Every structure is written in C-alpha cells, then in structure tokens.
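# Topology and contacts: notes
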Amino acid sequence: MLAGTGCLVLVPRLTGGDAPPEEPRRLLVPEGWRAPQVYAAVDRALGLAPGTTRAAVPRAGLALPPEAKGNPEGFLFPATYPVTSATTPEGLLRYMVDTAGARLADAGIAAAARAQGMTPYQVATLASVIEAEADAPADRPRVARVIHNRLARSMPLQMDSTLNYALDRHTLDVSLADTRLDSPFNTYRRQGLPPTPIGNPGLAALRAAVSPAAGDWLFFVTVRPGDTRFSTTYEEHREHVAAFNAERRAAGRGTGD
C-alpha cells in the first residue's frame with residue numbers, strides 16, 4: 001500500500017532471456033516538490049540530458065483532468081520509484097500521474113470531495129497549498145480548515161506559497177511589494193484557489209483537503225519550526241506575526257509584513 005514518500009511504488013520490470021534481473025535504483029519524489037524539480041530528478045536518475053523529461057510531457061499520454069490542460073503539476077505523485085535502464089521518462093511520468101489519479105479516486109477521498117462539492121482538480125490544487133504551507137504533518141488538517149473557512153467567507157487566501165510559486169522561489173520572506181504582484185497566483189489580490197496546483201501533494205495532504213479539522217481559524221503563521229499558531233481574529237494573528245518577526249530578527253534574517 002502506497003502512503004507517501006516512505007513507500008515504494010512497484011513498477012513492472014521487463015527483462016529478456018536468461019539475463020539476471022537488473023537491480024533497480026530508487027528515485028525519491030518528496031511531497032510538495034514542484035514539477036520542474038521532479039523533471040530534473042528524473043533526468044538525473046535516468047542519466048538524461050537536462051530538459052529531456054520536461055520535453056517528454058506532451059507525448060507521454062498522461063491521464064490528466066481536462067482542467068489541467070496538459071500540465072501535470074499536482075499529479076506527479078510523491079513516492080519512491082524504482083528505475084532501471086529500461087525506464088523511460090514517458091513511462092515514469094504516466095505511472096506518477098496514474099498513481100495520483102488512483103489516490104484521488106480512492107473511495108474515502110472521492111466521497112469526501114463530492115460532499116465538499118470539489119472536483120479532483122480542485123482537491124489537488126487545495127492539497128498542494130496545504131503541502132506547501134503546513135510545517136508539520138499534524139498541521140495539515142488545520143491549514144486545510146483555514147483555507148476552507150476563508151473560501152466559505154469569500155476571503156482571499158493570502159498564502160505566501162502561491163506568491164513563491166509565481167516568483168519561482170522558496171522563501172519565508174515575503175514583502176508588501178510581493179503581495180502587489182500582478183499574477184493569477186497572487187492569492188492576496190485574487191479570491192479563490194490558485195489556477196493550478198503549486199506543487200505535488202502527497203496522500204496526507206489530499207486527505208486533509210477533503211477532511212479538514214474542525215475549527216473556526218482564519219489565520220496561521222509558523223513562528224518557528226514545530227510552532228505553528230492558528231487564530232480566529234486578526235488581532236491575535238498580528239501578535240503571532242510579531243513573534244515570527246522577532247524570531248527572524250534574532251536569526252539575522254528578514255521579516256514578514
């Protein structure tokens with residue numbers, strides 16, 4: 001049973017004649033990696049020139065939802081994959097996407113998604129934000145609840161992770177100028193989910209997306225690793241942000257606005 005990056009996806013091996021079976025190498029795709037990171041890792045694992053796997057996407061025949069418009073972001077399922085000299089980027093991409101589709105079609109996830117009025121693509125998109133924002137596994141259902149609560153109130157999500165995706169970076173330091181970015185991924189200025197997933201979520205994030213924790217939180221901030229603080233009022237949230245900024249200053253880094 002596949003439950004995350006700690007598990008091995010079994011891909012059929014093709015061998016010919018009486019030759020001993022080739023010992024597979026392992027390719028780890030962690031939860032939350034963006035598609036370019038996955039492409040680069042596949043290129044390295046298969047000994048291919050950079051850009052080969054990305055170029056293989058249009059001809060791989062990926063079973064993606066129509067909303068994806070051929071973009072597999074969000075559907076390159078995180079796991080540990082065995083690769084051999086017979087592995088192709090097209091075959092590996094198909095297996096990743098098929099695995100993501102199977103997880104989304106799981107009876108529990110699919111039923112919960114229908115109850116929430118969500119399509120599989122929306123589930124993958126929401127789960128990708130959860131994966132990017134949650135500091136610890138236990139935070140995923142609570143982050144999911146914040147997102148659901150904001151969507152229900154027509155509040156902008158205001159997620160730094162979507163800005164970072166638009167700017168092709170990974171950072172904790174998001175400035176006021178960043179929040180003015182003209183991008184469909186700027187969830188400070190635009191309501192609703194981002195137009196596509198912003199990474200590739202694992203099974204726990206998919207489950208959290210459709211089965212969030214109970215709570216009335218509207219804000220959260222990770223003050224330090226292992227210390228994510230959730231709040232229901234902006235005043236309380238500002239106190240938590242001040243604590244985050246104090247931690248950043250003490251570490252000689254920037255602060256959030």
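The structure this text deals with has already been given above.
Notes on the structure follow. (Residues numbered from 1 in each chain as written. Predicted model: local features only at pLDDT ≥ 70, side-chain atom pairs only at ≥ 80, totals over all residues. Heavy atoms only, no water.)

## Examining the pattern of salt bridges
Put simply, the rule is: In the sections that follow, a salt bridge refers to a side-chain nitrogen of Lys or Arg positioned within 4 Å of a carboxyl oxygen of Asp or Glu. Under the scheme applied here, a residue whose accessible area is under 20% of the maximum for its type counts as buried, over 50% as exposed, and between as partly exposed, the area being computed with a 1.4 Å probe on protein chains only.
Overall, the coordinates contain eleven salt bridges when judged by the stated rule. Ionic pairing is found between R25 and E22, a salt bridge with its closest N-O pair at 3.9 Å. Looking at E22, the relative accessible area reads 30%, which means it is partly exposed. One salt bridge in this structure joins D178 and R169, with 2.8 Å as the shortest N-O distance. Overall, the relative accessible area of 16% leaves D178 in the buried class. Among the residues examined, R169 registers a relative accessible area of 23% and is labelled partly exposed. A network of salt bridges, in which partner residues are shared, links R224, D227, R229 and E247.

## With respect to the environment of Y95
Operational definition: The secondary structure listing takes helices from DSSP runs of H or I that are at least 4 residues long and strands from runs of E that are at least 2 residues long, numbered from the N terminus.
Relative to the helices and strands, Y95 is located in helix α3 (residues 89-104). In this structure the C-alpha to C-alpha distance between Y95 and R207, which are 112 residues apart in sequence, comes to 21 Å.

## Observations regarding the packing of aromatic side chains
Applicable threshold: When the centres of two rings from Phe, Tyr and Trp lie within 6.5 Å, Trp using its six-membered ring, the rings pair. Their planes under 30 degrees apart give stacked, over 60 give edge-to-face, and anything left gives tilted. A ring is considered to have a charge above it if a Lys NZ or an Arg CZ atom is located within 6 Å of its centre and within 35 degrees of its normal.
One pass over the full model with this rule turns up six aromatic pairs. Considering the side-chain rings of F75 and Y121, the 5.9 Å spacing of their centres and the 10° angle between planes classify their relative orientation as stacked. Placement of the pair is F75 in the loop between α2 (52-56) and β2 (79-83) and Y121 in helix α5 (residues 120-133), with a sequence separation of 46 residues. Members of the aromatic cluster, joined through ring pairs, are W217, F220 and F230. Its end group placed over the ring of F77, R103 keeps NZ or CZ at 5.9 Å from the ring centre.

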